[in-house]
Structure formats: C-alpha cells, structure tokens
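Close look at the chain arrangement
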Amino acid sequence: MAQSVFGSVSQPVSLPVVPLREILPYAVFGGLVLLLAIYFVGAEQGATSMFRGTAVHEFLHDGRHLLGFPCH
C-alpha cells in the first residue's frame, strides 16, 4: 500500500573539488578584513586610536558590548 515517492534507483552524487590555491587568495583577504573589523570593534579607542575624537568608538559602542569587549 505504501509507495516510495523518490523511486528506488539512487544516483551517486559527485561533489566539485576546489583546489586550495584557488581558495587561498580569498581566505587571506577575508582574514585581513576580519582582523581590521576586530581592531575597530575591540581596540579603536585610547592610545591605539587611529582617528581623533570618539566618533568610531560611539558608532561601534553597542557592538563592542555585544561581543564582550570592555570599553569603559
């Protein structure tokens, strides 16, 4: 009484293989962007500040607390 919806013949699935040397430039670029983002969220204030004033600090203030960085 029960019938299979998908059929009984299964086809092998072939996954594409991407060489590491094709992924490496994107991984390096992504890592650099990630490090820059961590700097701005975690360290852009005080003695290590790249910009004058508190504009960057105030813009990232809530994100800083959300990620667990103390800022005051």
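Everything quoted here is computed from the prediction, not taken from an experiment.

**A closer look at the overall build of the protein**
The secondary structure content of the protein amounts to three helices and zero strands. Starting at the N terminus, the α and β elements of the protein follow one another as α-α-α. Relative to its 72 residues, the protein shows a buried fraction of 12%. Within the protein, contacts between residues separated by at least 24 positions form 20% of all contacts whose residues are at least 6 apart in sequence. Counting every atom, the protein has about 6700 Å² of accessible surface; 70% of that belongs to carbon and sulfur.

**Section: helix 1 (residues 20-42)**
Its 23 residues give helix 1 an end-to-end C-alpha distance of 31 Å, which sits within 8% of 33 Å, the value for a rise of 1.5 Å per residue. For helix 1, the secondary structure elements touched by its buried residues are helix 2 (55-59) and helix 3 (61-66).

**Let's talk about a nonpolar patch on the surface**
On the surface, Leu 24, Val 28, Leu 32 and Leu 35 cluster together into a nonpolar patch covering about 400 Å² of accessible area. A residue is classified by how much of its surface remains accessible, and Leu 35, at 56% relative accessible area, is exposed.

Parameters at a glance
Residues numbered from 1 in each chain as written. Predicted model: local features only at pLDDT ≥ 70, side-chain atom pairs only at ≥ 80, totals over all residues. Heavy atoms only, no water. Helix = DSSP H or I, 4+ residues; strand = E, 2+ residues; numbered from the N terminus. Buried < 20%, exposed > 50% of the residue type's maximum accessible area, 1.4 Å probe, protein only. Contact = heavy atoms within 4.5 Å. Areas by Shrake-Rupley, 256 points an atom, 1.4 Å probe, with all protein chains shown as cover. Expected span 1.5 Å × (residues − 1). Patch = residues over 30% accessible without salt bridge, like charges linked within 9 Å, V, L, I, M, F, W, Y side chains within 5 Å. Salt bridge = Lys/Arg side-chain N within 4 Å of Asp/Glu carboxyl O.

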